[in-house]
Amino acid sequence: MARVIPAIEPTLPVPSPTNHLTPLHALQQQHPPTESGQSVQGNPLLAWRLGAPSPTVLTLVVAAFHGDEPESAQLLTRWLATQLATPTPNLPPTLCIPALNPDGLLANTRQNANGIDLNRNWPTTNFDSTTPINDPYFGGHTPASEAETQWLQGIIATYQPARILSLHTPYRVVNYDGPATDWAEYLSSQLPNYPVTTDIGYPTPGSFGTYYGVERNLPVITLELIEAPLAELWPTHGPAITAACQFNSTT
Ligand SMILES: [Zn+2]
């Protein structure tokens, strides 16, 4: 009988321009997630726990706060599929959330289904409820009002990640909040022409990075990817995510 050779490349549907969640839902059928919840419109919010069982230095990697940034979800879904098919030996503890805003991904909107920017909906001291409702950066009338925010808040409270990597597009920078200088410089060194910056260039009241990085002193990187097809991103950016999870994992 022929030996079964593990697939090196995961067999996933190609991301569809009309449904960026197709590969993730296919993966969900093959590998049940560790945690799940529901978006405003009832789409699944999914998290997979990977790597060593030890709780030390658990890295949370999350993509697609913004639904009009599908490259982030495509890249992290591909990374997750690869890890589930052929795990990196000794991968440190990692929690992977490929699509925080499934409703926005399906509608191609920055905001969630309630028209709220999930990266401005966090209960920071500078939360701003005065942003006009129709503004794409509107963070809600009250902080943590959204199902997606509440779910992620609960996940973070449960898993207590030591650091967080959040994937966005399109600025080609490694932005960070909190004590993440070394981690950000290391990730920058693993990527083609991604400078490190502590300032994204505009105010971000109520942001995820402010909440967990500035106010809770966790290393939080906001990796702003270039907008490019997955086939172009994957060869360099896939290994960089693995490297980010492995960085300094014994301390
Ligand atoms: Zn974004």
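Everything below is about the structure printed above this text.
Attention in this report is confined to the structure presented alongside it. A quick note: this is a predicted structure, and the numbers were derived from the prediction, not measured.

## So, the sheet that holds strand S5 (residues 163–168)
Right, on to step 1. Spatial ordering of the open sheet is given by S1-S2-S4-S3-S5-S8-S6-S7, a layout of eight strands whose pairing is mixed. At either margin of the open sheet sits one strand with a lone partner, and together these are strand S1 (35–38) and strand S7 (196–197).
Right, on to step 2. Relative to S5, strand S3 (residues 59–63) is paired through five bridges, and the arrangement is parallel. Of the residues in S5, the one forming a bridge with Leu60 is Ile164.
Right, on to step 3. Taken strand by strand, helix H7 (residues 230–246) contacts S3, strand S4 (94–97) and S5, and its axis lies near 150° from that of S3.

## Let's talk about H7
Right, on to step 1. For H7, which comprises 17 residues, the first-to-last C-alpha distance of 22 Å matches the rise-based estimate of 24 Å (1.5 Å per residue) to within 8%.
Right, on to step 2. Its axis deflected by about 40° at Thr236, H7 carries its strongest bend there, up to four residues before the proline Pro239.
Right, on to step 3. If you check which residues of H7 are buried, you get Leu233, His237, Ala240, Ile241, Ala244 and Cys245.
Right, on to step 4. Looking at the residues trailing H7, positive phi occurs at Asn248, about 55°.

## Some details on the pairing of S3
Right, on to step 1. Of all five residues that make up S3, five are buried, and the element is covered over most of its length.
Right, on to step 2. Neither face of S3 is open: one carries Thr59, Val61 and Ala63, the other Leu60 and Val62, and all of them are buried.
Right, on to step 3. In this sheet, S4 lies alongside S3 in parallel orientation, the contact comprising four bridges. Paired with Val62 across the two strands is Ile97, which belongs to S4.
Right, on to step 4. Read as a crossover between parallel neighbours, the route from S3 over helix H2 (residues 70–85) to S4 is right-handed.

Criteria and thresholds
Residues numbered from 1 in each chain as written. Predicted model: local features only at pLDDT ≥ 70, side-chain atom pairs only at ≥ 80, totals over all residues. Pairing = 2+ DSSP bridges. Helix = DSSP H or I, 4+ residues; strand = E, 2+ residues; numbered from the N terminus. Contact = placed C-beta atoms within 7 Å. Axes fitted to C-alpha atoms, helices over the stretch in contact; angles between N-to-C directions. Expected span 1.5 Å × (residues − 1). Bend = angle between axes of the 7 residues up to and from the residue. Buried ≥ 20, exposed ≤ 12 C-beta atoms within 10 Å, placed from the backbone. Right-handed = clockwise from strand over helix to strand, strands pointing away.

Structural measurements only, silent on function.
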